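Observations on the three-dimensional arrangement
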Amino acid sequence: MPRKLNLNVGINTTGYLPAAWKYRSGNRHDIYDPGYYKRLTELAHRGLFDAVFFSDHPALMTDPNSRPFHTIDPLILCTALAAQVPDIGFVATMSSTYNSPYNLARRTQSTDIVSGGRLIINIVSSFNPNVAANFGSAPLPSRSERYAKASEFLDVAKKLWASWDPSREGPVPNEQFWDAASAHAIDHVGDHFTVKGPLNVPRGPQGHPVIAQAGASEGGIELAARHGEIIYCNILSRPAGQAFGKKVRDRAARLGRDPKGIRIVPGVVVILGETKKEALRKHELFSGAGIARFIKENGIDPDGFNPDAVLDAERFIPDPNRLQAVGMGLGLSDLLTHEKLTTRQVVRRSEGHHRLLLGTAEEVADALIDLWDDGTVDGYTLQPPRAPDDIEEFVDKVVPILQDRGVYRSRYEERTVRERYGLPFPAH
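As a starting point, this report considers the structure included with it.

Let us now look at the overall build of the protein chain. Within the protein chain, the regular secondary structure consists of 14 helices and 13 strands. By principal-axis analysis of the C-alpha atoms, the protein chain measures approximately 80 × 45 × 45 Å. Out of the 428 residues in the protein chain, the part that is buried amounts to 54%. Taking contacts inside the protein chain between residues at least 6 apart in sequence as the whole, the part at least 24 apart equals 77%. The averaged location of the 52 negative side-chain charges in the protein chain is 1 Å from the averaged location of its 51 positive side-chain charges.

Attention now moves to the nonpolar core. Counting residues in hydrophobic clusters, the biggest one holds 83 residues, and the most contacted among them are Phe49, Phe244, Leu368, Phe394, Val398, Leu402 and Tyr408. Counting 13 residues, the second largest nonpolar core, distinct from the first, contains Leu236, Ile295, Ala313 and Leu335.

Turning next to the packing of helix H5 (residues 143-161) against helix H6 (residues 218-227). Packing of H5 against H6 leaves a shortest axis separation of 10 Å and a crossing angle of 10°. Overall, the two elements H5 and H6 adopt an arrangement that is roughly parallel. Touching Tyr147, Ala150, Ser151, Leu154, Asp155 and Lys158 of H5 are Gly219, Gly220, Leu223, Arg226 and His227, all from H6. Considered class by class, the residues forming the contact of H5 with H6 number four nonpolar, four polar and three charged.

A word on unusual backbone geometry. Across residues other than glycine, the phi torsion is negative in most instances, and most of the peptide bonds are trans. With an omega dihedral of 0°, the bond running from Gly197 to Pro198 counts as a cis peptide bond. Here the bond from Ala387 into Pro388 is cis, since omega is 5°, no more than 30 degrees from zero. Its place among the elements puts Pro388 in the loop between strand E13 (379-382) and helix H13 (389-404). The phi dihedral of Leu48 falls on the positive side, at around 60°, and the residue is not glycine. As for its position among the elements, Leu48 is in the loop between helix H1 (34-46) and strand E2 (51-54). Taking the relative accessible area as the measure of exposure, Leu48 reaches 10% and is therefore buried.

Before going further, it helps to examine the sheet that holds strand E12 (residues 354-359). The strands that make up a sheet pair up through hydrogen bonds in the backbone, lying either parallel or antiparallel. On the basis of which strands lie adjacent, the open sheet formed by 11 strands has the order E9-E8-E7-E4-E3-E2-E1-E13-E10-E12-E11 and mixed pairing. Lying at the two open borders of the sheet, with one neighbouring strand each, are strand E9 (263-264) and strand E11 (350-351). Bridge count between E11 and E12: two bridges; the pairing is antiparallel. Paired with Glu351 across the two strands is His354, which belongs to E12. On the sheet, H13 packs against strand E1 (6-10), strand E10 (267-272) and E13 and is oriented at approximately 95° with respect to E10.

Buried within helix H2 (residues 74-82) are the following residues: Pro74, Leu75, Leu77, Cys78, Leu81 and Ala82. Buried positions in H2, seen along its axis, are confined to an arc of 160° and lie on one side of it. As for H2, its buried residues are in contact with H1, E2, strand E3 (89-95), helix H3 (101-115) and strand E4 (119-124). At the N-terminal boundary of H2, the capping side chain belongs to Asp73, with an oxygen 3.0 Å from the backbone nitrogen of Leu75.

It is worth spelling out the pattern of salt bridges at this point. Scanning all chains against the criterion turns up 28 salt bridges. For the salt bridge of Arg405 with Asp366, the shortest nitrogen-to-oxygen distance reads 2.9 Å. Of the two residues, Arg405 is situated in the loop between H13 and helix H14 (417-420) and Asp366 in helix H12 (residues 361-373); the sequence distance between them amounts to 39 residues. Residue Glu393 is joined to Lys397 by a salt bridge in which the shortest nitrogen-to-oxygen separation is 3.4 Å. You can see Glu393 and its partner Lys397 sitting in helix H13, four residues apart, about one turn around the helix.

Turning our eyes to something else, we now look at the pairing of E1. Consecutive side chains of a regular strand alternate in pointing toward one face of the sheet and then the other. Here E1 lies mainly inside the structure; five of its five residues are buried. Of the two faces of E1, the one lined by Asn6, Asn8 and Gly10 and the one lined by Leu7 and Val9 are each fully buried. Pairing between E1 and E13: four bridges, direction parallel. Residue Val9 lies in a different strand from E13, and its bridge partner there is Leu382. As paired elements, E1 and E2 share three bridges and run parallel to each other. Residue Asn8 lies in a different strand from E2, and its bridge partner there is Ala51. Traced from E1 through H1 to E2, the parallel crossover comes out right-handed.

As a further point, take the environment of Trp164. For Trp164, the location among the structural elements is in the loop between H5 and strand E5 (188-189). Note: C-alpha distance between Trp164 and Val201 (37 residues apart in sequence) is 7.1 Å.

Attention now moves to the environment of Asp319. Along the chain, Asp319 falls in the loop between helix H9 (290-297) and helix H10 (326-338). The spatial distance from the C-alpha of Asp319 to the C-alpha of Leu330 is 9.7 Å, given a sequence separation of 11 residues.

A full pass over the atoms with the stated rule returns nine aromatic pairs. With centroids separated by 5.0 Å and ring planes inclined at 40°, the aromatic side chains of Phe53 and Tyr232 adopt a geometry described as tilted. You can see Phe53 sitting in strand E2 and its partner Tyr232 sitting in strand E8 (residues 230-232), a full 179 residues away along the chain. With respect to burial, Phe53 and Tyr232 carry one shared label: buried. A cation over an aromatic ring shows up here: Arg315 above the ring of Phe316, its NZ or CZ 5.2 Å from the ring centre.

Turning our attention to H1. For an α-helix, 3.6 residues make a turn, and residues three or four places apart therefore share a direction. Relative to the 18 Å expected for 13 residues at 1.5 Å per residue, H1 spans 18 Å between its end C-alpha atoms, a close match to the ideal helical length. For H1, the complete set of buried residues consists of Tyr36, Tyr37, Leu40, Thr41, Leu43 and Ala44. The buried residues of H1 occupy an angular sector of 155° when the element is viewed end-on, so they sit on one face. Buried residues along H1 sit in contact with E1, E2, H2, E3 and H13. Where H1 begins, the side chain of Asp33 points an oxygen toward the backbone nitrogen of Gly35, at a separation of 2.9 Å. In the stretch just after H1, Leu48 is the one whose phi turns positive, near 60°.

Rules of the game
- Going along each chain's sequence as written, the residues are numbered from 1 onward.
- Given that this is a predicted model, residues contribute local features only at a pLDDT of at least 70 and side-chain atom pairs are listed and counted only at 80 or more, while totals for whole chains, interfaces and linings are drawn from all residues.
- By convention in this description, side-chain values take in all heavy atoms of the structure and omit both hydrogens and water.
- Helix and strand assignments come from DSSP, with helices taken as H or I runs of at least 4 residues and strands as E runs of at least 2, each series counted from the N terminus.
- With a 1.4 Å probe rolled over the protein chains alone, any residue whose accessible area is under 20% of its type maximum counts as buried; one over 50% counts as exposed, and the rest are partly exposed.
- We call two residues in contact when some of their heavy atoms are within 4.5 Å.
- Positive residues here are Lys and Arg, negative ones are Asp and Glu, while His and the chain termini are left out of the count.
- One atom stands in for each charge, and that atom is NZ of Lys, CZ of Arg, CG of Asp or CD of Glu.
- What is meant by a nonpolar core is a set of buried Ala, Val, Leu, Ile, Met, Phe, Trp, Tyr and Cys residues, joined one to another through side-chain atoms within 4.5 Å.
- Axis definition: a line fit to C-alpha positions, over the contact stretch in the case of helices; interaxial angles, taken between N-to-C directions, run 0 to 180 degrees.
- When an angle is under 35 degrees it counts as roughly parallel; over 145 it counts as roughly antiparallel; between 65 and 115 it counts as roughly perpendicular; any other value is oblique.
- Throughout, the ten residues Ala, Val, Leu, Ile, Met, Phe, Trp, Tyr, Cys and Pro are labelled nonpolar, Asp, Glu, Lys and Arg are labelled charged, and all others, Gly among them, are labelled polar.
- Any two strands between which DSSP finds at least two bridges are classified as paired.
- Relevant arc is that of directions from the helix axis to the C-beta atoms, nothing else.
- For the purposes of these results, a polar contact is taken to be a pair of N or O atoms within 3.5 Å, where, inside protein, one atom must be able to donate a hydrogen and its partner to accept one; residues adjacent in sequence count only when each atom of the pair is a side-chain atom.
- Just to be clear on terms, a salt bridge is a Lys or Arg side-chain nitrogen sitting within 4 Å of an Asp or Glu carboxyl oxygen.
- By convention, a crossover is right-handed whenever its connection, traced from the first strand over the helix to the second and viewed with the strands pointing away, goes clockwise.
- Pairs were defined over the aromatic rings of Phe, Tyr and Trp, the Trp ring being its six-membered one, requiring ring centres within 6.5 Å. Orientation was assigned from the angle between planes: stacked under 30 degrees, edge-to-face over 60, tilted for the rest.
- Should the NZ of a Lys or the CZ of an Arg lie within 6 Å of a ring centre and within 35 degrees of the ring normal, that charge is described as sitting over the ring.
- Expected helix span is given by 1.5 Å per residue-to-residue step, counting one fewer step than there are residues.

In structure tokens form, the structure reads like this:
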């Protein structure tokens, strides 16, 4: 079967870019209206996306100059949407630091069964102290501890997801309801978790939900290589993308895992125009003064700063001990390692840590196909500046071009998202 481009789309609140809400259709109450997310999911379904994607931080950032970006619990919202919109998959972000393996395994396996095999879970270790403060007085654990816990968390979840498998029942006598031997205790005792099992939800239609993982730090690479099936990341150029993919897949092979079971689907921000010039103007409108913002975000002294000087990659390597996500911050330094670029060029290449594509629908389609065609990426997670406006534009203008080029589906065929991504079924 010919390889096809995979596409997910982020549908958090008003869209991806913080200031673009001023230029979207809709009102401020949309962000906590289930009907709004249903409309976005139906729009994504019309565009034949693999899945809609919800990031999450279980904390409300009360900055009056921003907007809430995470509201309704993603798993609950995805379960409700799955009952109303067919075919399309759902990516629900969940924290391994602030959940228990049994509870998460039970809830996600339940949603996967209810949806008919359409759930992807994006496991994050949580890096925000405001999240930690909502779960007790203990401070946020160190990065190394969070990743070690996340890896064991997924080990336990996988054991639980496989712990009751009705398909492995033997002959059942008439006087018995079931073969209890189809379930088994996992008896897990580890550094972070002690869980007896089995899970009281049977093995699902995908074996278990597809596991997504985001992170390019050393801990993130290890977690992705060990457990990740869909890797959400920031890839800003072909050389950087090829280096990242090789690093993840080589690490997976060293861990005894077949690297063919990994799909790279980086974020991409698309701004369309009838001309390239119009797209550039829209970018300035949605994002503000790019160079001034770049200087401020990177702590650069504006006095004497030359926006046309080539940037030094080492200057932008994020502190591995910083509180914020390290992996997302690596995108810029990786880009500058492989390409000699100025500030003026960089602000047109990256937005919100992701690859920025500006231009006509044809130009954007060309750019999307470019990194997919040689296997640098397997697809993308579209992060629209505005929702629903930029999703609708993409569906109406870019999707038909991708279909005409023969790289994108014309209808949903596979039953589960695991099949849609061509991922292996988990072994018993």
